[in-house]
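# Structure assessment
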Amino acid sequence: MESQARVVIIGGGVVGCSILFHLAKLGWKDTVLLERNELTSGSSWHAAGQIHTISSDPNISRLQGYTIRLYKELEELSGQSVGLHSTGGFYLASNKDWYDYLKRERSKARYMGLDQEFISLEEVARLHPLIDPKRYIAALWDPLDGDIDPSGVTYAYAKAAKKLGASYHTHAAVIETNQRADGSWDVVTANGTIHAEHIVNAGGLWAREVGQLSGLNLPVQPMEHHYLITETIPQIAEREERLPAGIDYEGNMYFRQEGQGMLLGTYEPVATPWSVQGTPQNFGHELLEPQLDHIAERLELGFERIPALADAGIKDMINGPFTFGPDGNPMIGPVPGMRNYWAAVGVMAGFCQAGGVGKCLAEWMIEGEPEVDVWAMDIARFGDYASPEWGTIKSSENYERRFVMTFPNETLPRGRCQRTTALYDRLTARGAVWGDGFGLEAALWFANGPDDAHEEPTFRRSRAHNYVATEVKAVREAVGLTEIANFAKHAIKGPDARKFLDHVMAGRVPQPGRISLSPMLTPKGKLYGDLTIACLGEQEFMIFGSGAAQEMHRRWFESHLDGYDVSYVNESRRHHGIGLSGPNARELLARICRDDVSSEGLKFRDIRRTFVGAVPAILTRLSFSGELGYEIYVEPEYQLKLYESILEAGEGLGLMHYGLRALMSMRLEKNWGAWTLDFRPDFTAAQSGLDIFIDWDKDFIGKQAALAERDAEPTIKLVTMTIDTDGIDVCNDEAILEDGECVGYVTSGGYAHHVGKSMALGYVPADLAADGTALEVEINGEMCPAKVVAQPLYDPTGERMRG
Ligand SMILES: Cc1cc2nc3c(=O)[nH]c(=O)nc-3n(C[C@H](O)[C@H](O)[C@H](O)COP(=O)(O)OP(=O)(O)OC[C@H]3O[C@@H](n4cnc5c(N)ncnc54)[C@H](O)[C@@H]3O)c2cc1C
């Protein structure tokens, strides 16, 4: 065994082997994979091997397409059969909601380079004579779907990697991972130690145990999962052509041909987490005892829909464990707070996703950033609130919802109240309807008291619509208060603080007492942040940003600290607070703050330490509502006191509570994008319009790429559109069309209550970005007329905000 390697990958399942292959393919051949047993000794060997492209996240779907298309190349490179059957497959809807869902998927496929089409139920019956088409109302067809041989695929990755110069060792269990002072690792096995620059945890079923070797607690959980294989079915034996694969959403089940019979798998309505305390080290090629009663109901539904199954004998019943993450998506990337430690865990559809995971991780390691935005898979979307116990609760929920629809206005119930603020009970009593982000509860909107605080999951406008309209009206005409604990706050302090920020931020770094907006770019000029820089003192800055992305940004800041005399702390949970917005906000603030808060005393984009409501506070003049506004940050123990002071001072001023929905509505009529939606690493500063904040007179990360783009003009641009719709708004990822051709897609949108219009933001070719350009947006299969609006419909000159 080698004593030195650039990368050691721990785990020889399909994920580890794909990473080995992709690293070698992109040039890092000095990579070693260590497997404690034989390759495929975890969940990989007993997978059902079905492959499909559909995923909740468009970039994951894209990467699933990449994974499936890779199989032929992999087979040729490795000389190992992957047992690919490109049968095509359908997604079946048995009710209207699922049909609506499929229409949305079809819309996404238009710009994801996927070839999905609706086919008639007669066509379903022709392609798959065993299915009873009367049980369904629609079917979406994807020619990429089919099945593979799981073991063949895993070996093909490993063999191809070996041919490219990488190596792997079996029967080489990693028993220790010890970090040296320089950040490199000693990876210890019974057969020797490898000194490596980087390590990758691809431990699959043992991801938790591999993590614990380095003090890392991962919120992933293996779940029991069943599928059955039938004896020969005569109708199949008589056929020459292989049957297509299928997913029946309502049945929460998938099926395909296996030999001359069928394979049918289902996600049980009540999940069974397996080995909650930890995966036994001696578990290997064993299976679990089938629990027929767990899946009986689902099987009955399966027998109704594919009647031939009811008469077929069952040859095999498989119950095997595989690992889920808290939101069902993989957790990959450099682990925040650790050096040279990479995760590739919680990959629950390894044969659809491992190719994409391997590609992205290899690009990230070698080139510093993946080609596409991998936010939906980034391990940094979770923080330390994501305890192993919470991981088990959420992973079980996601297992049960594998093919269960989550509506755009729906929040999932399990593992809630993981983090709350001091106002939780007060706001609940006022009718807050809660959502959660980064484990923290945040009010979405306010009903008339707790008994009224409910909402039906729907693709259309819900009963919340009118309540949100009232909140917006209060902010636009009087004053509204909202909690801002959920924003991220990053503290950068020290003699080199300004120098450091000048380097990592593309925008101007403000003077003491002032605030500026700035994009943060990657070396390739992609957006990595849309942040607010506040200068509290020459050596003390506070960066406000997306709460969801706080660990992602922490990782970025920390990875650039070397060479600067500066300290960094993620202080998000040290500063809770309240935002005040609306024409009466100044008067309210003046009642509880002794400072001069007139338009001269506290200017737009000022920040200062002071006292508000008799408690120490950081006061800023900013708001995302586009209205005169203030953000008041206090330590969590002062939050309640501040809130009560505001309530008292708000008497007679029309004060109302408002939630995130109202805020997101108000920013639409200001043409403002939001991080993780409109602004993300898929796009550049010029494409998103954030280049207006760039300070071209200084050097900063990504400047060369940004300059090159400035000279060449971006090919696509972010636009805001109004849309003619009736009772329904976009819920992200819809196709944008021009003359029937897909030209872009929606990144966010909704209803702009004050101007009374359905609106969306999205990226289109630059020549379609001019004011008034007529486009179409596909909502639930309907082509809705849309028009580009270059200027904000509300307060285009920003007078109200600056006044
Ligand atoms: C019943 C069932 C049906 C499935 N059907 C499908 C399907 O149809 N389509 C699909 O895409 N996916 C399916 N899956 C999921 C798929 O199997 C997993 O997504 C995939 O196997 C995950 O691969 P992995 O490499 O992450 O993990 P694993 O396969 O668990 O690999 C981890 C490897 O790490 C090794 N290891 C652990 N600890 C150490 C250590 N300390 N040192 C060295 N090596 C170590 C293990 O021995 C193991 O080989 C199914 C899973 C099951 C159980």
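Preceding this section is the structure that the text describes.
Quick summary incoming for the structure in this document.

Cut-off values and rules
- Residues numbered from 1 in each chain as written.
- Predicted model: local features only at pLDDT ≥ 70, side-chain atom pairs only at ≥ 80, totals over all residues.
- Heavy atoms only, no water.
- Buried < 20%, exposed > 50% of the residue type's maximum accessible area, 1.4 Å probe, protein only.
- Helix = DSSP H or I, 4+ residues; strand = E, 2+ residues; numbered from the N terminus.
- Pairing = 2+ DSSP bridges.
- Phe/Tyr/Trp six-rings, centres within 6.5 Å; stacked < 30°, edge-to-face > 60°.
- Near = heavy atom within 4 Å.
- Polar contact = N/O pair within 3.5 Å; in protein donor to acceptor, adjacent residues only side chain to side chain.
- Nonpolar A, V, L, I, M, F, W, Y, C, P; charged D, E, K, R; others polar.
- Axes fitted to C-alpha atoms, helices over the stretch in contact; angles between N-to-C directions.
- Contact = heavy atoms within 4.5 Å.
- Salt bridge = Lys/Arg side-chain N within 4 Å of Asp/Glu carboxyl O.

## Concerning the pairing of strand 24 (residues 527-537)
- Most of strand 24 is tucked away, with 10 of its 11 residues classed as buried.
- Bridge count between strand 24 and strand 25 (residues 540-545): 5 bridges; the pairing is antiparallel. Within the sheet, the bridge partner assigned to isoleucine 533 lies in strand 25 and is isoleucine 543.
- From the end of strand 24 to the start of strand 25, which pair antiparallel, there are 2 residues.

## Details of the packing of aromatic side chains
- Throughout the structure, instances matching the rule amount to 31 aromatic pairs.
- Ring geometry for phenylalanine 544 versus tyrosine 633: centroids 4.8 Å apart, planes at 15°, classification stacked. Of this pair, phenylalanine 544 sits in strand 25 while tyrosine 633 sits in strand 30 (residues 629-634), and the two are 89 residues apart along the sequence. In this structure, phenylalanine 544 and tyrosine 633 share a single accessibility class: buried.

## Brief notes about the site of the ligand
- In the neighbourhood of the ligand, 38 residues make up the surrounding shell, with Glu35, Arg36, Ser44, Val347 and Gly350 lying closest.
- For the ligand, an oxygen atom lies 3.5 Å from a polar atom in the backbone of glycine 42.
- When residues of the shell around the ligand are traced back to their parent elements, those giving at least two are helix 1 (14-25), strand 12 (221-230), strand 16 (314-324) and helix 10 (350-367).
- Its residues assigned to classes, the shell around the ligand comprises 21 nonpolar, 15 polar and 2 charged.

## Details of the sheet that holds strand 26 (residues 567-570)
- Strand order across the open sheet formed by 5 strands is 23-24-25-22-26, with antiparallel pairing between neighbours. Of all strands in the sheet, those bounded by a partner on one side alone are strand 23 (515-521) and strand 26. Neighbour-to-neighbour, the strand axes of the sheet open up by a mean angle of 25°, direction not taken into account.
- Inspection of the sheet shows strand 22 (residues 488-493) paired to strand 25 by 6 bridges, in the antiparallel sense. Of the residues in strand 25, the one forming a bridge with alanine 488 is glycine 545.
- Contacting strand 22, strand 23, strand 24, strand 25 and strand 26, helix 15 (residues 550-559) crosses the sheet at an angle of about 75° to strand 24.

## Thoughts on the pattern of salt bridges
- Inspection of every chain in the model, using the stated rule, returns 51 salt bridges.
- One salt bridge connects arginine 461 with aspartate 729, and the closest N-O pair in it is separated by 2.7 Å. One end of the pair, arginine 461, is in the loop between strand 20 (440-446) and helix 13 (464-477); the other, aspartate 729, is in the loop between strand 32 (716-723) and strand 33 (735-738), with 268 residues separating them in the sequence.
- The partly exposed category is assigned to arginine 461, whose relative accessible area is 25%.
- Between glutamate 551 and arginine 554 there is a salt bridge, and its shortest N-O distance comes to 2.8 Å. Residue glutamate 551 and its partner arginine 554 are located together in helix 15, separated by 3 residues, close to a single helical turn.
- Since its relative accessible area comes to 10%, glutamate 551 is described here as buried.
- One salt-bridge network, in which partners are shared between bridges, spans Asp132, Lys134, Arg135 and Glu304.

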